[in-house]
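Single-letter residue listing:
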Amino acid sequence: MHALLWVQRMFPEHFRNFVFVNARAVDAHSYGGAQDMEAMKVEANVALKFFENFCRSNGLAAKSYLAFCTDPIDGFVELCEKVRADFPASIFFTSKLVFERDNFLVRLLHNQAALVLQQRLHLAGMQMVILPMKVET
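Values in this document were obtained by computation on a predicted structure and should not be read as measured data. (Residues numbered from 1 in each chain as written. Predicted model: local features only at pLDDT ≥ 70, side-chain atom pairs only at ≥ 80, totals over all residues. Heavy atoms only, no water.)

Trainee: How would you summarise the packing of aromatic side chains if you had to cite specific residues and measurements?
Mentor: One pass over the structure, following the stated rule, counts 5 aromatic pairs. Among the aromatic residues, ring-to-ring pairing joins Trp6, Phe11, Phe15 and Phe93 into one connected group. (Phe/Tyr/Trp six-rings, centres within 6.5 Å; stacked < 30°, edge-to-face > 60°.)

Shown next as structure tokens:
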């Protein structure tokens, strides 16, 4: 939600179509069987539908893509390639936590997924903007 509202504030009336991408990691610890997988799908779809409905209630077009994979970065890249195929002029946005008091431990605990994803998309010819999300400690 932070990224969506930030984009609307910074680029008023510029972006009227939004696509939400969700790549969920599935491994031996998070997947306990068919029922657990179905619950994960329902939870993910509910979250995506929330964002789609929010956009539509504000006069914006919205669509979503969902994948389950062992590596979320790979899953996001694959979904972004699908989005680009459907919407060639896409620009991708993500958020990155920014802490008031940053140190080695904070950087270690909060991985650099946004930067890795931006690099992978850039190398594949897609643009991603990383939006800072301040976390007060």
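Trainee: Residue-level account of the confidence of the model for the protein chain, with values.
Mentor: For the protein chain, per-residue confidence averages 89 on the pLDDT scale, and residues scoring 70 or more make up 94% of the total. Averaged over each element, pLDDT in the protein chain is lowest for helix 4 (residues 104-109) (72) and highest for helix 3 (residues 72-86) (96). (pLDDT = per-residue confidence, 0-100. Helix = DSSP H or I, 4+ residues; strand = E, 2+ residues; numbered from the N terminus.)

Trainee: Which residues make up unusual backbone geometry, and what values go with them?
Mentor: Positive phi, normally seen in glycine, also occurs at Glu13, with a value near 65 degrees. Assignment of secondary structure puts Glu13 in the loop between helix 1 (2-10) and strand 1 (17-25).

Trainee: Explain helix 1 residue by residue, including any values.
Mentor: Taken together, the buried positions of helix 1 are occupied by Ala3, Leu4, Trp6 and Val7. For helix 1, the arc enclosing every buried residue in end-on projection is 165 degrees, short of the 170-degree limit, so these residues lie on one face. (Buried < 20%, exposed > 50% of the residue type's maximum accessible area, 1.4 Å probe, protein only. Arc of directions from axis to C-beta.)

Trainee: Hey, could you go over the pattern of salt bridges for me, with residue numbers and the actual values?
Mentor: This structure, assessed with the given rule, holds 6 salt bridges. A salt bridge links Lys49 to Glu52, with the nearest nitrogen and oxygen atoms 3.5 Å apart. With Lys49 and Glu52 both in helix 2 (residues 34-57) and 3 residues apart, this pair spans about one turn of that helix. Salt-bridge contacts for Asp74 lead to Arg120; the nearest nitrogen and oxygen are separated by 3.0 Å. Note that Asp74 is positioned in helix 3 and Arg120 in helix 5 (residues 113-123), a separation of 46 residues in sequence. Each member of the salt-bridge network shares a partner with another, and the members are Lys49, Glu52 and Arg56. (Salt bridge = Lys/Arg side-chain N within 4 Å of Asp/Glu carboxyl O.)

Trainee: Tell me about the nonpolar core, and name the residues and values.
Mentor: Across soluble globular proteins, nonpolar side chains show a tendency to be buried alongside one another. Phe92, Leu117 and Leu121 are the most contacted members of the largest nonpolar core, which totals 14 residues. Contributing elements (two or more residues each) for this core: strand 2 (61-69), helix 3 and helix 5. In terms of residue count, helix 3 provides more of this core than any other element does, 5 residues in total. Ranked by size, the runner-up nonpolar core spans 11 residues in total, among them Ala3, Val7, Phe18 and Phe20. (Core = buried A, V, L, I, M, F, W, Y, C linked by side-chain atoms within 4.5 Å.)

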